[in-house]
Amino acid sequence: GNRMINNIVGKEKLKKLLYFHNPWWIDHKVPDSLKLTYQRPVLKKLLEYFKLDRAILIKGPRRTGKTTLLYQIIDKLITKRKIPAQNIIYLSCDDPELKLLSKPSSDSRINLSDILDVYEQLRKKTMKELKPNEKIYLFLDEVHFWEGWQFEIKKYFDKKYPLKFILSGSSASLIKRGSESLMGRTIEELILPFSFYEFLSCQLKDRRLDKIILNLQKDFTPSNLLKGVTDLFSDMDSISPINRLIPYQNKIKILFAEYLNRGGFPHLLEVENPILWQRLLREDVIEKVIYRDLVDLYEIKKPQILEKFFLYLAGHSSDIMNITNIANSLCLSREYTLKYLNYLIESFLVFGIKKYSLSVEKQIRSNQKIHLIDSGLITVFGEGNNDNRVDGQKVESLVGRCFLKDNVFYWREKEEVDFVLNVNSLLPIEVKYRNTILPRGLKGIIKFMGKYGVREGIVVSKDLLQKREQDDKILWLIPAWLLLLIIN
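Note that the coordinates shown come from a computational prediction; the quantities given were computed from them, not determined experimentally.

Draft legend 1. Region of interest: the sheet that holds strand 11 (residues 426-431). Spatial ordering of the open sheet is given by 6-8-7-9-10-11-12-14-13, a layout of nine strands whose pairing is mixed. Lying at the two open borders of the sheet, with one neighbouring strand each, are strand 6 (319-320) and strand 13 (466-470). Two strands pair when backbone bridges link them, and strand 7 (residues 350-355) and strand 8 (residues 369-372) are joined in this way by four bridges, in the antiparallel orientation. In the strand pairing of strand 8, I353 is matched with K369. Where helix 12 (residues 225-234) meets the sheet, it contacts strand 10 (415-422), strand 11, strand 12 (456-461), strand 13 and strand 14 (473-479), and its direction lies at approximately 80° from that of strand 14. The strands touched by helix 22 (residues 443-452) within the sheet are strand 9 (408-413), strand 10, strand 11, strand 12, strand 13 and strand 14, with strand 10 carrying the most contacts at an inclination of about 55°.

In structure tokens form, the structure reads like this:
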């Protein structure tokens, strides 16, 4: 009977939690303070996914606006799709109360069926009484904090319940493990800090400019990047979209410098005071991700070593990692160093790129090149401030981030190429964030092109938009602000 009594207490708490997290049950609308005004382009894409018979999984680093996106989806369901507000349940699995209730060790552990029971009691209507096409939409935020969430969801999914699951999480490995048990039942979307376009669009709120950029973006997907770039040069006539950007160029460049400095974490865009936003970013990353989330999720005994490791990577963003050297300087074994590197990759704070080689085995064994996910993190945690080298690192990491979902590598044989995109064919991309680029600075990319029989490559410059021919190869130089604005 003890579990029974505990369960009653648990269910009372659950009632309060449900009312607290779902204000639209009473007001029939999502409070403005939750849904914010700026809508990211990805919102449209996520709403399209509702047609599919799958759980929608939104993943990405902490503080990139995943929760806001969930509220915006709820708002659209209520206002545009006319879904009854009572049919929408939102719960944050990171809520301390809910965490206590869902702990495997607690006698009164609540599971998904308890939540649905309480919900049915509150609604005075059971699932079985829903109309033929009616659904209940269940939003579970930061779902990786709920141990065993995937099995609970699978159970309902396989019984063909009228439930639609929308999940979010900021731990890649736990989400991956979870979605492996949900094979073929999920569709995933990665949400990163704002891209330069989102940053610009959110700051300027200029409809006309947005339209020009979106028009350009149509031609700039990773799979047709080279064609997009060459087209830029061929339609330099008076009405080409690129010329329509000319009146805005100064504004764009000023904001690009700001973006390189501050990065794209949405909740910090409003914070004017530089000391304050740096402090907030520091707290979000060090205290919340390293000392709380990662300690919680992986039972890490020495978070201070993890912090030291992260600070090391921030000072060396876009460097090739020599694991042995890092292990020695952190006084960690090689095995632990790799483990810790993985934790940082899995919290989406950093990402790694493997070396390009025709031998798959060499690719797997090679040292990765590590990049931070956001330029603001390099400002706050990196070593140098505002010198050109650091800006170059930031641009390189931001360019790399555009290809996270693609087959992208770096190349090195005495000389180096920053990125090799292997989508339809090989495309080398070299970042030279300056305005004087001499032929000898392009030896690496030319050598790569010679070795692999590639005729054209892209060089990301500070401000140069030009076509160069060197050793019968064609190099397209394109300014970083322009490339990062239009690649999507």
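Read on, since the account is not over.
Draft legend 2. Molecular detail of the pattern of salt bridges. By the definition in use, this model includes 29 salt bridges. Across the salt bridge formed by K59 and E188, the nearest N and O atoms sit 2.8 Å from each other. Of the two residues, K59 is situated in strand 1 (residues 55-59) and E188 in strand 5 (residues 186-190); the sequence distance between them amounts to 129 residues. The salt bridge partner of K99 is D296, with a shortest N-O separation of 3.5 Å. Residue K99 is located in helix 6 (residues 96-101), and its partner D296 is located in helix 15 (residues 274-298); the two are separated by 197 residues in the primary sequence. Using a relative accessible area of 43% as the deciding quantity, one classes D296 as partly exposed. Put simply, R62, D94, K99, R292, D293 and D296 are held in one network by salt bridges that share partners.

Draft legend 3. The side chain of D374, seen in detail. Its place among the elements puts D374 in the loop between strand 8 and helix 20 (375-381). Buried and unpaired, D374 has R401 as its nearest opposite-charge partner, separated by 4.1 Å.

Parameters at a glance
Residues numbered from 1 in each chain as written. Predicted model: local features only at pLDDT ≥ 70, side-chain atom pairs only at ≥ 80, totals over all residues. Heavy atoms only, no water. Pairing = 2+ DSSP bridges. Helix = DSSP H or I, 4+ residues; strand = E, 2+ residues; numbered from the N terminus. Contact = heavy atoms within 4.5 Å. Axes fitted to C-alpha atoms, helices over the stretch in contact; angles between N-to-C directions. Salt bridge = Lys/Arg side-chain N within 4 Å of Asp/Glu carboxyl O. Buried < 20%, exposed > 50% of the residue type's maximum accessible area, 1.4 Å probe, protein only. Lys, Arg positive; Asp, Glu negative; His and termini not counted.

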